[in-house]
Amino acid sequence: MKKNMNGQSILRIGAGASYAGDRIEPATLLAEHGDLDYLVYETLAERTIALAQLDRIKNPNGGFNELLDQRFYSALPHCKRNGTKIVTSMGAANPMGAVKRTAEIIRELGLAPMKIAAVMGDDVREYCIQHRDTLPIMETGAPLASLNGEIVAANVYLGADGIVQALKEGADIVITGRVGDCSLFLGPMIYEFGWPTDDWDLLGKAMVGADMVECGANVSGGFFADPGYKEVPDLANLGYPFIEVEKDGTVSVSKVEGTGGLINRATCLEQMLYEIHDPANYITPDVVVDFSAVELDEVGKDRVRIRSGSGRARPDTLKVSVCIKEGWMGEAEITYAGLGGLERARLAEKVVRERLAIGKVDLQELRVDYIGMNSLHGDASLPSDQPPYEVRLRFAGRAAKKIEVEKLANEVETLVGKGPSSSCLPRKYIKEILAVYSCLMPRTATKHQVIMTEVTA
Amino acid sequence: MIFYLREIAHARAGDKGDTNNIGLIAYEPAFYPIMVEQITSERLREHFKGLVQGPVTRFELPQLYAMNFVLERALGGGVTRSLSLDPHGKSYSALILTIPVSVPEDLSLKLLKAGRKPLRDDV
């Protein structure tokens, strides 16, 4: 940790990724020029682990983040040189597999000795299967057993505890499966400052700062630009953010000088409210965060300091994402343009609906969109005086069996020669549905484990 | 004068399961009372015409001149099984900004000076 002008220790944590497929270069730039103590890669959306689990079934050495190689080959040499530790959820469905691969990369790059920790314990599929008759689904209130499909994966959102333990045991790199996004940032803070894990106001205050960067560049100008209203300088070279944490939990957000994007009150506010519900009760595994009195000060160029976050005791339960195979989804699209294009698209819709009936195609739900008119906002779309010059007609259907959605897609594809005139080539997509449901389990029913791997020279 | 909400506020939307939330932020503190008065949960539900099946709740953060709307049963059964092209409802931030709002005269003049166009001239 560095010291600031007042001699206080400042912990600097960078946000190098906020989803599985995130860009590589900005994280490498942070590793090289960010003067970081820690670099965090958060890579798990709700469904990511279930998809990774399906990969792992096919390949026992897989099931972790597919970009791990690219990320580590480019960033690890900088991290080693700068003394930057890494905390990441790239382990997905196979943290030990990710550790093994990382060890190979370290040896190949000649960076040994290094210590890599896997944080395990988030996989609670067995627990959920055992308790499926009693565990209620948050969305419906009915027990897990009411779901019609195989449980592919069930992962509990662990808190920062496992990460703190791994750092105490000397890890240079900590690789986890499912962990609360903000907990990836909180772990290093608790470890470095020696914070008590029941000082709720302190943890809550720090978590407001962690929340600012858990979606990476969404706070530094990503997902923000609206020309004429909200300009973002040099968006192509968007810089990913870092936070500077003080011992009392005060957090400032900034980014590397010379990178694109911007950080100000407006970008921080959009990110702060993103995916929260009641701002006074944001539940994380480590603390219930209260954003309701937060104030944001622009203290420099691309630099915002956060005040007045607080917190309350963490809940006795932890959230579990349960992933179920729920049948198949098929989508197909075709475009009509020119005079009468909309009328031809409408005729095409009618023809497909009739052919689905003729073929007795068994769909649970069918949706038809006119892309360019109302596909996103339906009847709430702003009206237009003129019909669109082009219309992309989209069909989407859900069915228990793959063959039924394939039939739907084929009825759209064959419109080219057997439907209205002047359509252009369609595209179709078929995918298995992995539906995610949530339930709560007692905190005491699960425990994290840390497995350390030492890579020697 | 009547302006689109877009002229006085910006927004971002996100998801959790079948619930969508929209953070709405006034460009200037003076615009915040317009939001409080006119962008109610009921007004939002009406404007979204059937997209939201469950309750809409509004949380206010006056010191930040911002508010957060929580829209339940708003994502066609949830991100992972919805047939929608926007299963996360991320484009709902663009939809909320199409709500027309009535802006007091002094603030309307300010908007006109900044080159913003009113939707209608009546008050």
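Residues numbered from 1 in each chain as written. Chains lettered and ligands numbered in written order. Predicted model: local features only at pLDDT ≥ 70, side-chain atom pairs only at ≥ 80, totals over all residues.

### Considering unusual backbone geometry
Residue and element names in this part refer to chain A.
Reasoning step 1: Pro 113 follows Ala 112 through a cis peptide bond whose omega is 5 degrees.
Reasoning step 2: Inspection of the secondary structure puts Pro 113 in the loop between helix 4 (95–109) and strand 5 (114–120).
Reasoning step 3: Its identity is not glycine, yet Ala 92 carries a phi of approximately 45 degrees, on the positive side.
Reasoning step 4: Checked against the element boundaries, Ala 92 lands in the loop between strand 4 (85–88) and helix 4.
Reasoning step 5: Ala 92 sits in the buried class, given 31 other C-beta atoms within 10 Å.
Reasoning step 6: Even without being a glycine, Ser 308 presents a positive backbone phi close to 70 degrees.
Reasoning step 7: With respect to the secondary-structure elements, Ser 308 resides in the loop between strand 13 (303–307) and strand 14 (310–312).
Reasoning step 8: Judged by local crowding, Ser 308 falls into the partly exposed class, with 15 C-beta atoms found within 10 Å. (Helix = DSSP H or I, 4+ residues; strand = E, 2+ residues; numbered from the N terminus. Buried ≥ 20, exposed ≤ 12 C-beta atoms within 10 Å, placed from the backbone.)

### Some words on the domain arrangement of chain A
Reasoning step 1: For chain A, the assigned domains read domain 1 (2–122 + 157–315) and domain 2 (322–438).
Reasoning step 2: If you average the C-alpha positions of domain 1 of chain A and of domain 2 of chain A, the two centres end up 39 Å apart. (Domains from an automatic or database assignment.)

### Focus on the nonpolar core
Reasoning step 1: Counting residues in each nonpolar core, the largest one holds 145 residues, and the members touching the most others are Leu 39, Val 174 and Leu 186 of chain A together with Leu 24 and Ala 66 of chain B.
Reasoning step 2: If one sorts the elements of this core by residue count, helix 8 (residues 200–213) of chain A sits on top with 8 residues.
Reasoning step 3: Both domain 1 (2–122 + 157–315) and domain 2 (322–438) of chain A contribute no fewer than three residues apiece to this core.
Reasoning step 4: Residues within four places of Leu 186 of chain A in sequence aside, it is in contact with Ala 160, Leu 203, Ala 206, Met 207, Ala 210 and Asp 286 of chain A.
Reasoning step 5: Formed by 21 residues, the second largest nonpolar core is a distinct cluster that contains Met 329, Val 361, Phe 395 and Leu 415 of chain A. (Core = buried A, V, L, I, M, F, W, Y, C linked by C-beta atoms within 7 Å. Contact = placed C-beta atoms within 7 Å.)

### Quick look at the interface of chain A and chain B
Reasoning step 1: Between chain A and chain B, the contact holds 39 residues from the first and 32 residues from the second.
Reasoning step 2: Of all the secondary-structure elements, those providing two or more residues to the side of chain A that touches chain B are helix 9 (265–273), strand 15 (317–337), strand 16 (365–371), strand 17 (390–399) and strand 18 (423–442) of chain A.
Reasoning step 3: Top contributing element to the side of chain A that touches chain B by residue count: strand 18 of chain A, with 5 residues.
Reasoning step 4: Taken together, the residues that form the side of chain A that touches chain B break down as 18 nonpolar, 6 polar and 15 charged. (Nonpolar A, V, L, I, M, F, W, Y, C, P; charged D, E, K, R; others polar.)

### Observations concerning the sheet that holds strand 10 (residues 282–283) of chain A
Residue and element names in this part refer to chain A.
Reasoning step 1: One open sheet holds the 3 strands; their spatial order is 10-11-14, and the pairing between them is antiparallel. Each edge of the open sheet is held by one strand with a lone partner, namely strand 10 and strand 14.
Reasoning step 2: Alignment of strand 10 against strand 11 (residues 288–290), held across 2 bridges, turns out to be antiparallel. Bridge assignment links Tyr 282 to a residue of strand 11, and that residue is Val 289.
Reasoning step 3: Of the strands in this sheet, strand 11 and strand 14 touch helix 8, which is tilted by about 125 degrees from strand 14. (Pairing = 2+ DSSP bridges. Axes fitted to C-alpha atoms, helices over the stretch in contact; angles between N-to-C directions.)

### Topic: helix 1 (residues 25–33) of chain A
Residues and elements named next belong to chain A.
Reasoning step 1: When helix 1 is considered as a whole, its buried residues turn out to be Pro 26, Ala 27, Thr 28, Leu 29, Leu 30 and Ala 31.
Reasoning step 2: Buried-residue contacts for helix 1 involve strand 2 (9–17), strand 3 (38–41), helix 3 (68–82) and strand 8 (241–246).
Reasoning step 3: A positive phi of about 55 degrees marks Asp 35, the residue just after helix 1.

### Regarding the packing of helix 6 (residues 161–168) of chain A against helix 7 (residues 183–193) of chain A
All names here are of chain A.
Reasoning step 1: In the contact formed by helix 6 and helix 7, the axes pass within 8 Å of each other and the chain directions differ by 45 degrees. The angle between helix 6 and helix 7 falls in the class oblique. Note that helix 6 runs across helix 7; the crossing there is right-handed. Contact with helix 6, carried on its side by Ile 163, Val 164, Leu 167 and Lys 168, involves Ser 183, Leu 184, Gly 187, Pro 188, Ile 190 and Tyr 191 of helix 7 and no other residues of that element.
Reasoning step 2: In terms of residue class, the contact of helix 6 with helix 7 is built from 7 nonpolar, 2 polar and 1 charged. (Parallel < 35°, antiparallel > 145°, perpendicular 65-115°, else oblique. Left-handed = near helix turned anticlockwise from the far one by under 90°.)

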